Structure formats: C-alpha cells, structure tokens
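This is what each chain is made of:
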Amino acid sequence: MDMLPASLLDGGILTMDWALSFTRVLMAYNTLIAEKWRNPAAIGQMGVRVRASIAAGAGGQVKPGKSWRFGNLAAPAAIVDRTSQVNFIVVGDVRDPLDDFYGAVGKGTLNVAVAGAATKLPGGKLRLVVDTLGVYLHDTYDFIGQQPLGVWTEKGIDRSMWDELINYYISRYPPIAIEPPDPRTAGKVDPDKRYSVSNADFNRYREKFSVGGDFVNASDIKIVRLPSPQTFELA
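Below you will find a few notes about this structure. Owing to the predicted nature of the structure, the values given are computational and were not obtained by experimental measurement.

Formed by 34 residues in total, the largest nonpolar core has its most connected members in Trp37, Met46, Leu110, Val130 and Leu137. Of all the secondary structure elements, the ones that give two or more residues to this core are helix 1 (16-19), helix 2 (23-34), helix 3 (40-55), strand 2 (67-70), strand 3 (85-91), strand 4 (108-120), strand 5 (126-141) and strand 10 (222-234). If we skip the residues at most four places from it in the chain, Met46 touches Trp37, Val86, Val114, Leu128, Val130, Phe232 and Leu234. Counting residues in each nonpolar core, the second largest holds nine residues, with Leu73, Ala75, Ala77 and Ala218 among its members.

Shown next, in the form of structure tokens:
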C-alpha cells in the first residue's frame, strides 16, 4: 500500500470500531487474533519481516544476545502493511446481508501485524517475542473487469439467483440508463423497472461526468496487547 500515490489511498473512511459492529467481521477478527496471527505461515512471514528490517538498518549495530524493538504499530497502515503484517483473513461474501458493511466494503481483508522484541542469536537465528498485535481492514474499491452487481429494482436489489446463473439472469434486463428515459419507450422495455447493474455501468457514468475513481481503503489500526508475550525462534 505504501507504494500507492496518496490520491489512491484513503485512510479516513473505515474504522475498526465500525467494522467490528458487524457479526461476520467480529467472528473473523476473533479467529485472526486467536489463531491465524501465529500459524506456520504467519511465523514464516515474521522471519521475512524481521530480516527485511535488519537489511534496512534496524538492529544493525546490535550484538548477538542484545535486543531491539520490532514493529511500529503507530505508523500509518500502509507502512505497517509493508513492515509488520504477517497474516490476513478474508471477510465478506456476495450472500451477506445487504447492510452498511456490504455496501461500503463487500469483501475485504482483515490484516494482522506484530510488534515486540527481536534478538540476534548465534548462528544467524533470531528470537522474536511478540507482545502486541495490530489489526486493520483493507479494501480495494474498484470497478475493474466484468463484475455483475445484481438486479436493481424500485424495491431494492433482487438477489434471487447468484453464482453460475447470475450472468444469464442479469442479461435478461436492460442496463441501467444514464440518460433520462425516452417517454416514447419508457416502461415498454421493462415494465417492472428491473435493471441489471455491473461495473460497466459505473464506468460509463464516470466517463460521462468525469467523476469518481478507483482507490484503496485502509482502516485505523486496532491495538491488541497480548496477556502473555509469545516467543518464536526464527531460522
């Protein structure tokens, strides 16, 4: 994320307190901080992150047996994502309730980063004592590719069919109109006013009115202090 221009990265829209008010996000968060932050994949990523920090100068003058602090969870999410993130969990699905999280994010990732004390050991090994986790939500807000967004009606979104049938289903209805309807044909094409909506509709609107754009959302970082620091030896 930290390689993106500032214009394409927004860190002020999403908050973790808001996201955790949704049960499915809270369940994913609990799984992340109970299990996935320290599974084998995460432990391996810890080694990658610590050694990258050493290459960048952290702990460079520290002798074997001495420690230094690893992981700055007070940094912006884009920096934490590059330097301390070790695992993630996907949250959100097309079958989820049509609530505020579905509308704002849909599907995103909860990411976990670690902080603690790193120690050089003889033989090139490292010891990392993790005492703090940082969890944040990451979402890419874009309209790239041919993604169907359902059938929109005056009474809401019709979600009666998904998966392998969705492309066929939405093709039965006309695309949503950007121009005012022609009074000579209004109601004749689709008397029930049902419109298939896809990424193409958003892109047509943006091209016509020169507004909008794709960007990346990152929430604030929720700090979790571990009741008991966890120790890992990294080869």
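Here we come to helix 3. If you check helix 3, its first and last C-alpha atoms are 23 Å apart, about what 16 residues at 1.5 Å a residue would give, namely 22 Å. Those residues of helix 3 that fall on the buried side of the exposure criterion are Ala42, Met46, Gly47, Arg49, Val50 and Ser53. Lining the buried residues of helix 3 we find strand 2, helix 4 (77-83), strand 3, strand 4, strand 5 and strand 10. Downstream of helix 3 by one or two residues, Gly57 has phi in the positive range, about 115°.

A full pass over the atoms with the stated rule returns five salt bridges. Asp96 is the salt-bridge partner of Arg24, the closest N and O atoms lying 3.1 Å from each other. One end of the pair, Arg24, is in helix 2; the other, Asp96, is in the loop between strand 3 and helix 5 (100-104), and 72 residues separate them in sequence. Considered together, Arg24 and Asp96 belong to a single accessibility category, that of buried residues. One salt bridge connects Asp99 with Arg24, and the closest N-O pair in it is separated by 2.8 Å. In this pair, Asp99 is assigned in the loop between strand 3 and helix 5 and Arg24 in helix 2, connecting sequence segments 75 residues apart. Given the relative accessible area of 24%, Asp99 is considered partly exposed. One salt-bridge network, held together by shared partners, links Arg24, Asp96 and Asp99.

Moving on to the side chain of Asp201. Within the secondary structure, Asp201 is located in helix 7 (residues 199-209). A residue is classified by how much of its surface remains accessible, and Asp201, at 8% relative accessible area, is buried. For Asp201, the side chain forms a polar contact with the side chain of Arg204, separated by 2.8 Å.

Further remarks concern the pairing of strand 5. As defined by bridge partners, strand 4 adjoins strand 5 across twelve bridges and the pair is classed as antiparallel. Bridged to Ala118 within strand 5 is Leu128. Count of turn residues in the strand 4/strand 5 antiparallel hairpin: five residues, of which Gly123 carries a positive phi of about 80°. In terms of strand pairing, strand 5 meets strand 10 through nine bridges, oriented antiparallel. Within strand 10, the position partnered with Leu133 by the bridge is Val224.

Calculation rules
- Residues numbered from 1 in each chain as written.
- Predicted model: local features only at pLDDT ≥ 70, side-chain atom pairs only at ≥ 80, totals over all residues.
- Heavy atoms only, no water.
- Core = buried A, V, L, I, M, F, W, Y, C linked by side-chain atoms within 4.5 Å.
- Buried < 20%, exposed > 50% of the residue type's maximum accessible area, 1.4 Å probe, protein only.
- Helix = DSSP H or I, 4+ residues; strand = E, 2+ residues; numbered from the N terminus.
- Contact = heavy atoms within 4.5 Å.
- Expected span 1.5 Å × (residues − 1).
- Salt bridge = Lys/Arg side-chain N within 4 Å of Asp/Glu carboxyl O.
- Polar contact = N/O pair within 3.5 Å; in protein donor to acceptor, adjacent residues only side chain to side chain.
- Pairing = 2+ DSSP bridges.

Remember that the coordinates give geometry; whether it matters functionally is a separate question.
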